[in-house]
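What the coordinates show
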Amino acid sequence: MRTKLELIKGDITEIETDAIVNAANESLLGGLGVDGAIHEAAGERLLQVCKTLNGCKTGEAKITKGYNLPAKYVIHTVGPIWIGGELNEPELLASCYRKSLELAVEYGIKSIAFPSISTGAFGYPIEKAAPIALKTVNCFIADNPTELEKVIFVLFSNEDFELYQSTAKGLEIIN
Ligand code: AR6
């Protein structure tokens, strides 16, 4: 069966997928936003393990367990800081989604939830980031139709949820 793509409004720390994706920074040592919420919900053991990972480059992804989270795994990826769009930000953002999905497949993960990477503290304009996020995930699903059962985008605000929904409809990714 082809992978399902869903968009929901919610808090990613409460999602019961095999993996959730963290929008981290290169240190992997926690921060604010979704990163702070994930560390808070996962507990101290997540930070202890993250300290052993030697950080993560922008556009790359690393995996840990989910500890106290309902999700079994956390895939930590580092989105680009928006500088103006001329410094490879679109390619790096697409790479975050692709590398996270590749890691998920490698670990036999069947369901995965993404936040809107880079569109908070890292300042990526969400109307530019949403089509990249949606197209990259949709392409991966088309190329690997049986690897994953479900990919969910978890948007934190009504506004972000509506923007992702209208973008996905415009791209004919959802009905
Ligand atoms: N569930 C889902 N989405 C959330 C949640 C949540 N619990 N909390 C926030 N968001 P950001 P970035 C949304 O700033 O832009 C951190 O300090 C939020 O509304 O979390 O990639 C890291 O350590 C926004 O739409 O991540 C890095 O230093 C989206 O998640 C830096 O921020 C991303 O916002 C990364 O910045």
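The present account deals with the structure reproduced in this document. Residue numbering note: each chain is counted from 1, following its sequence as written. At least 70 in pLDDT is required for a residue's local features to be given in this predicted model, at least 80 for side-chain atom pairs to be given and counted, and no such filter applies to totals for whole chains, interfaces and linings, which use all residues. With hydrogens and water set aside, each side-chain value is computed from the structure's full complement of heavy atoms.

Observations regarding the site of the ligand
Among the 22 residues in the neighbourhood of the ligand, the closest are listed as N25, L32, D35, G120 and A121. Polar contact is defined as a pair of N or O atoms within 3.5 Å, subject to the rule that within protein one atom must be able to donate a hydrogen and the other to accept it, and that residues adjacent in sequence are counted only when both atoms are side-chain atoms. One nitrogen or oxygen atom from the side chain of T119 is found 3.3 Å from an oxygen atom belonging to the ligand. D160 is positioned such that a nitrogen or oxygen atom in its side chain is 3.4 Å from an oxygen atom of the ligand. Values of accessible area rely on a 1.4 Å probe in the Shrake-Rupley scheme; residue burial ignores everything except the protein chains shown. Protein chains shield 89% of the accessible area of the ligand, which is 700 Å² for the free molecule. Counting residues per element, the shell around the ligand draws most heavily on helix α1 (residues 33-42), at four residues. Counted by class, the shell around the ligand contains ten nonpolar, nine polar and three charged residues. We define proximity as follows: a residue is near a molecule or strand when any one of its heavy atoms falls within 4 Å of that partner. A run of H or I in DSSP counts as a helix once it spans at least four residues, and a run of E counts as a strand once it spans at least two, with each numbered from the N terminus. For this scheme, ten residues count as nonpolar: Ala, Val, Leu, Ile, Met, Phe, Trp, Tyr, Cys and Pro. Four count as charged, namely Asp, Glu, Lys and Arg, and the remainder, Gly too, count as polar.

Considering a nonpolar patch on the surface
A cluster of nonpolar residues, I81, I83 and L87, forms a patch on the protein surface that exposes about 320 Å² of accessible area. Here I81 is to be found in the loop between β4 (73-78) and α3 (89-106). When a residue's accessible area, from a 1.4 Å probe over protein chains only, is under 20% of the maximum for its type it is buried; when over 50% it is exposed; and in between it is partly exposed. On the basis of relative accessibility, which here comes to 49%, the residue I81 falls in the partly exposed class. Exposure above 30% relative accessible area and no salt bridge define the residues that can form patches, which grow by joining like charges within 9 Å and nonpolar side chains of Val, Leu, Ile, Met, Phe, Trp and Tyr within 5 Å. Salt bridges are counted wherever a side-chain nitrogen of Lys or Arg sits within 4 Å of a carboxyl oxygen of Asp or Glu.

Remarks on the sheet that holds strand β5 (residues 111-114)
When DSSP finds two or more bridges between two strands, those strands count as paired. Reading across the sheet, the six strands line up as β1-β6-β5-β2-β4-β3 and stay open at both edges, with mixed pairing between neighbours. Each having just a single partner strand, β1 (4-9) and β3 (61-65) make up the two edges of the open sheet. Across the sheet, the mean angle from the axis of one strand to that of its neighbour is 25 degrees, orientation sign disregarded. In the sheet, β1 pairs with strand β6 (residues 150-155) via six bridges, with the strands oriented parallel. In the strand pairing of β6, I8 is matched with V154. The strands that α1 touches are β2 (19-24) and β4; relative to β2, the one it contacts most, it runs at about 130 degrees. Contacts were defined at the residue level, with two residues in contact if any of their heavy atoms lie within 4.5 Å. Axis lines are fitted to C-alpha atoms, over the contacting stretch for helices. Their N-to-C directions set the angle, which ranges from 0 to 180 degrees. Strand contacts of helix α4 (residues 126-143): β1, β5 and β6, with the helix running at about 170 degrees to β6, the strand carrying the most contacts.

Section: the pattern of salt bridges
Taken as a whole and assessed by the stated rule, the structure comprises one salt bridge. In this structure, the salt-bridge partner of E60 is K99, at a minimum N-O distance of 3.2 Å. Taken together, the residues span a long stretch of sequence, with E60 in the loop between α2 (44-50) and β3 and K99 in helix α3 at a distance of 39 residues. With relative accessibility at 32%, the residue E60 sits in the partly exposed group.

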